[in-house]
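Below, each chain spelled out in residue letters.
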Amino acid sequence: MATKKLKVDSECRAFNDEWTWKYFFTVVKDKPVCLICNEAVAVFKEYNISRHFTSKHKNSNYEAMSEYERKQNVESLCKKLSGRQNFFKKGNTIQEAATHASYIVEYNIDKNNKALSDGEFFKQCMLQVCDVLCPDKKNNFQTVSLSRKTVTSRIEAIDKNLTSQLESKIGQFKICSIAMDESTDINDTAQLVLVIRGVDENFEITEELACMRSLKGTTKGCDIFREFQEGLLTSKVSIINICNITTDGAPNMTGKKSGFLGLFNQNYPGNNVVFLHCVIHQDALCMH
């Protein structure tokens, strides 16, 4: 015959305030904890708590104390425990605030195209300003990490987070359109820019830069089509959801045989994509 297990968690035992001065126990994060040695007991059960006190602190001075003396000592031990908890809580709060502050600085460094090493310069300026305005808070500012290595890693973390958010948005699109432009940068490298605009089931519109692909060598229609496919794969855009593609009027884009338009129709026959071509304002695309 199978025995039924006793589920301690379902017994709804409660902590008795009397156990605090009798056995020097208190409650920390829903667990009974000994004020003397800081050990936790599994359940709120007087037998377990009293057994801990008699086995661990039988020969201590606490056992011989009167009720009044015990209550006095319990009050002192509780204050010490509270002080330790507040110290760690304060430390964690300051560290979290310092990390948040460093992310703000690093985000603005990246947003304004500043050098990664500028973080150390900004920190030096902050500390000097702090000496004038709030010298008592200088230690807090000192904990803000803005070294080149930290700035680099956190900018990468911000980039991954933004990419993840965009992929999540794209995954919710019911329909979307693509604007494409191919042009040469200052290093004489052709860059293909894909900007996506989509709408989800709540009719919320999102417009963002999906990706930028470098074209090495030639910029024929086949090269653009290949990078377009790679860009969709990287950004996790479903070809089924695309209703419109807008390009400039260059032959490598609009050519009906070897241009991007022709290759798209050959590889995706029967698609319902509407193609438009016009003057693409690069400055408008670069703002995304």
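What you are looking at is a predicted structure, and each value in this text was computed from that prediction instead of being measured. (Residues numbered from 1 in each chain as written. Predicted model: local features only at pLDDT ≥ 70, side-chain atom pairs only at ≥ 80, totals over all residues. Heavy atoms only, no water.)

(A) Quick look at the overall build of the protein chain. In terms of helices and strands, the protein chain carries 10 helices and 7 strands. When each of the 288 residues of the protein chain is scored for burial, the buried share is 33%. When contacts within the protein chain are restricted to residue pairs at least 6 apart in sequence, those whose partners lie at least 24 apart make up 55%. (Helix = DSSP H or I, 4+ residues; strand = E, 2+ residues; numbered from the N terminus. Buried < 20%, exposed > 50% of the residue type's maximum accessible area, 1.4 Å probe, protein only. Contact = heavy atoms within 4.5 Å.)

(B) Quick peek at helix H9 (residues 260–267). Of all the positions in H9, only Phe260, Leu261, Gly262, Leu263 and Phe264 are classed as buried. Looking at the packing, one finds that the buried side of H9 touches strand S3 (173–184), helix H7 (221–235), strand S6 (242–247), helix H8 (251–254) and strand S7 (274–277).

(C) Just unusual backbone geometry, in detail. Residue Asp188 is not a glycine yet carries a positive backbone phi of 65°. On the basis of relative accessibility, which here comes to 66%, the residue Asp188 falls in the exposed class. Even without being glycine, Lys236 reaches a positive phi, approximately 60°. By relative accessible area, which is 55% here, Lys236 ends up exposed.

(D) Structural view of the pairing of strand S5 (residues 205–215). When strand S4 (residues 190–200) meets S5, the two strands line up antiparallel, connected through 10 bridges. What sits directly across from Leu194, in S5, is Cys211. Connecting the antiparallel pair S4 and S5 is a turn made up of 4 residues, with Phe203 showing a positive phi of about 60°. (Pairing = 2+ DSSP bridges.)

(E) Region of interest: the pattern of salt bridges. Within the structure shown, the criterion is met by 7 salt bridges. We note a salt bridge from Glu204 to Lys169, for which the minimum N-O separation is 2.8 Å. Residue Glu204 is found in the loop between S4 and S5, and its partner Lys169 is found in helix H6 (residues 148–171); the two are separated by 35 residues along the sequence. The class for Lys169 is partly exposed, based on a relative accessible area of 28%. Here Arg197 makes a salt bridge to Glu207, at a shortest N to O gap of 3.5 Å. Taken together, the residues span a long stretch of sequence, with Arg197 in strand S4 and Glu207 in strand S5 at a distance of 10 residues. Here Arg197 falls in the partly exposed class, since its relative accessible area comes to 43%. (Salt bridge = Lys/Arg side-chain N within 4 Å of Asp/Glu carboxyl O.)

(F) View of a nonpolar patch on the surface. Side chains of Val129, Val132 and Leu133 sit close together on the surface and give an oily, nonpolar patch of about 340 Å² of accessible area. Checked against the element boundaries, Val132 lands in helix H4 (residues 118–133). The class of Val132 is exposed, set by a relative accessible area of 67%. (Patch = residues over 30% accessible without salt bridge, like charges linked within 9 Å, V, L, I, M, F, W, Y side chains within 5 Å. Areas by Shrake-Rupley, 256 points an atom, 1.4 Å probe, with all protein chains shown as cover.)

(G) Broad picture of the packing of aromatic side chains. Summed over all chains, the structure comprises 10 aromatic pairs. Residues Phe228 and Phe260 carry aromatic rings whose centres are separated by 4.9 Å and whose planes lie at 75° to one another, so their mutual orientation is edge-to-face. Of this pair, Phe228 sits in helix H7 while Phe260 sits in helix H9, and the two are 32 residues apart along the sequence. Through a chain of ring-to-ring contacts, the aromatic side chains of Phe225, Phe228, Phe260, Phe264, Tyr268 and Phe275 assemble into a single cluster. (Phe/Tyr/Trp six-rings, centres within 6.5 Å; stacked < 30°, edge-to-face > 60°.)

(H) Examining the environment of Val199 more closely. Within the secondary structure, Val199 is located in strand S4. The sequence separation of Val199 and Lys169 amounts to 30 residues, and the corresponding C-alpha distance is 9.1 Å. Once residues within four sequence positions are removed from consideration, Val199 is found in contact with Gln172, Phe173, Lys174, Ile175, Glu204 and Ile205.

(I) Local environment of the nonpolar core. In terms of nonpolar packing, the biggest core is built from 25 residues, with Met180, Leu194, Phe228, Ile242, Ile245 and Phe260 touching the most fellow members. Mapped by element, the contributors of at least two residues to this core are H6, S3, S4, S5, H7, S6 and H9. Of all hydrophobic cores here, the second largest spans 8 residues; its members include Phe24, Phe53, Val74 and Leu81. (Core = buried A, V, L, I, M, F, W, Y, C linked by side-chain atoms within 4.5 Å.)

(J) Spotlight on the sheet that holds S7. The strand order across the open sheet built from 5 strands is S5-S4-S3-S6-S7, with neighbouring strands paired in mixed fashion. Single-partner strands in this sheet number two, and they are S5 and S7. Ignoring which end each strand starts from, the neighbouring axes of this sheet average 20° apart. Contacting S3, S4 and S5, H6 crosses the sheet at an angle of about 115° to S5. In this fold H7 packs onto S3, S4, S5 and S6, with an angle of close to 130° to the strand it touches most, S5. (Axes fitted to C-alpha atoms, helices over the stretch in contact; angles between N-to-C directions.)

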